[in-house]
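# Structural characterization, general
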Amino acid sequence: MNVDRPLALVDLDDTLFQTARKMAEGTIRYPASFDVSGNVSGYMSQVQKQFVEWLLLSTEVVPVTARSAEAFSRVRLDFARGAICSHGAVILNPDRSVNADWYAIMAETLRDYQLRLPELCSAALQLGEENGISLRGWVVEEGEQQHYVVVKHNNGSDSDLSQVLGQIKARGLLEGMHVHTNGNNLALLPNGLSKQVAVEHYLKLDREMRGERPVLGFGDSITDLGFMGLCNFWSTPARSQLAKAFEGAINE
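Quick look at the structure, then.

Analysis parameters
- Residues numbered from 1 in each chain as written.
- Predicted model: local features only at pLDDT ≥ 70, side-chain atom pairs only at ≥ 80, totals over all residues.
- Heavy atoms only, no water.
- Helix = DSSP H or I, 4+ residues; strand = E, 2+ residues; numbered from the N terminus.
- Rg over C-alpha atoms; globule rule 2.2 N^0.38 Å.
- Contact = heavy atoms within 4.5 Å.
- Areas by Shrake-Rupley, 256 points an atom, 1.4 Å probe, with all protein chains shown as cover.
- Pairing = 2+ DSSP bridges.
- Axes fitted to C-alpha atoms, helices over the stretch in contact; angles between N-to-C directions.
- Salt bridge = Lys/Arg side-chain N within 4 Å of Asp/Glu carboxyl O.
- Buried < 20%, exposed > 50% of the residue type's maximum accessible area, 1.4 Å probe, protein only.
- Disulfide = S-S within 2.5 Å.
- Polar contact = N/O pair within 3.5 Å; in protein donor to acceptor, adjacent residues only side chain to side chain.

### Some details on the overall build of the protein chain
Looking only at helices and strands, the protein chain has 8 helices and 12 strands in total. Computed over the C-alpha atoms, the radius of gyration of the protein chain is 18 Å, within 12% of the 18 Å expected from 2.2 N^0.38 for a compact globule of 252 residues. In the protein chain, the share of contacts with a sequence separation of at least 24, taken over all contacts with a separation of at least 6, comes to 54%. Surface exposure of the protein chain reaches about 12600 Å², of which carbon and sulfur atoms provide 52%.

In structure tokens form, the structure reads like this:
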């Protein structure tokens, strides 16, 4: 292993790959992730495939993803340095085992949310039903530790999620929590759980073991900026949520 290689902290979905419906018609598609039934769920374009190959050859790549450890296991790319999963709630060691020290830290952070998260998920789905919006939702968890709530619409629009989120806030259900939204993805997260917090911990350990080295960050969401800002250099895909936010700010 070349100890001089930079460290690359990389978001996965909509950064390295995406669903077929987000790709232009006729684009060459390379499978990258699979669903629980074994069907392809995420694809790389030719450019993304070449980018991933370059990253794996030139850097030590550590995914930083909202995916649970189980969902991450269905990403079929050659990551060999572990991963940061569940929006930072789980750190996986290089052998894909759960890092026990970080698990213990998160257990303390999430202790008061263990009963609240399932109740919040149920409340969100009930609000969708009351408003005629078909939703699906679940609590992302690892082992016996519940992390955060995910809500998606089934056949509506992203504005439907915004409507439900507004009502969740109006009912005071998000005290002590923060929100991540991007397309058909609404995540309700306890304070103290974030990619940024986990990456701070990971980088501290990396510097203790390896010393200073270049750290590169890649992500597509506005909330990815938290961990990307800890890196020496960062980048976002063109037309990503983060890119559009910066374009909008510049053009104001």
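### Describing the sheet that holds strand β8 (residues 145–153)
Strand order in this open sheet of 4 strands is β7-β8-β10-β9, and the pairing throughout is antiparallel. Because the sheet does not close on itself, it has two edges, and the strands there are β7 (135–142) and β9 (177–181). Across the sheet, the mean angle separating the axes of adjacent strands is 20 degrees when strand polarity is ignored. Where β7 lies against β8, 8 bridges are found, and the strand directions are antiparallel. Bridging from a neighbouring strand, R136 pairs with K152 of β8. The sheet strands contacting helix α3 (residues 100–110) are β7, β8 and β10 (186–190), and the helix crosses β8 at an angle near 70 degrees. Its contacts with the sheet place helix α4 (residues 116–130) against β7, β8, β9 and β10, and it is angled at close to 170 degrees to β7.

### Describing the pattern of salt bridges
According to the stated counting rule, one finds 14 salt bridges in the structure shown. Residue R67 is joined to D13 by a salt bridge in which the shortest nitrogen-to-oxygen separation is 2.7 Å. Of this pair, R67 sits in the loop between β4 (60–63) and α2 (69–73) while D13 sits in the loop between β1 (7–10) and β2 (30–34), and the two are 54 residues apart along the sequence. In this structure R67 comes out as buried when scored by relative accessible area, which is 13%. Overall, D13 belongs to the partly exposed group, its relative accessible area being 30%. Through salt bridges with shared partners, a single network forms among E60, R81, D206, R210 and R213.

### Topic: the state of the cysteines
If you walk through the whole model with that rule in mind, you get 0 disulfides. Summary of cysteine pairing: C231 is not part of a disulfide, and the nearest cysteine sulfur, belonging to C85, is at 17 Å.

### What about the sheet that holds strand β12 (residues 233–235)?
Strand pairing in a sheet relies on backbone hydrogen bonds. The paired strands run either parallel or antiparallel. If you walk across this open sheet you meet the 4 strands as β4-β1-β11-β12, and the pairing is parallel. Edge positions in the sheet fall to β4 and β12, since each of these pairs with one other strand and no more. Strand after strand, the sheet turns through a mean of 20 degrees between neighbouring axes, direction not considered. Note: β1 against β4, 4 bridges, orientation parallel. Residue L7 lies in a different strand from β4, and its bridge partner there is E60. Strands in contact with helix α6 (residues 195–210) are β1, β4 and β11 (215–218); relative to β1, the strand with the most contacts, it is inclined by about 170 degrees.

### As for the side chain of R74
Along the polypeptide, R74 turns up in the loop between α2 and β5 (83–85). The exposure class assigned to R74 is buried, which follows from its relative accessible area of 15%. Among the polar contacts made by the side chain of R74, one reaches the main-chain carbonyl oxygen of F34 at a distance of 2.7 Å.

### Structural notes on the pairing of β9
Pairing of β9 with β10, which is carried by 5 bridges, proceeds in the antiparallel orientation. Residue pairing in the sheet places T181 in a bridge with L186 of β10. With antiparallel pairing between neighbouring strands as the criterion, β9 and β10 make up a hairpin whose turn holds 4 residues, including G183 at a positive phi of roughly 60 degrees.

### Focus: the environment of Y113
Structurally, the position occupied by Y113 is in the loop between α3 and α4. The spatial distance from the C-alpha of Y113 to the C-alpha of Q145 is 9.8 Å, given a sequence separation of 32 residues.

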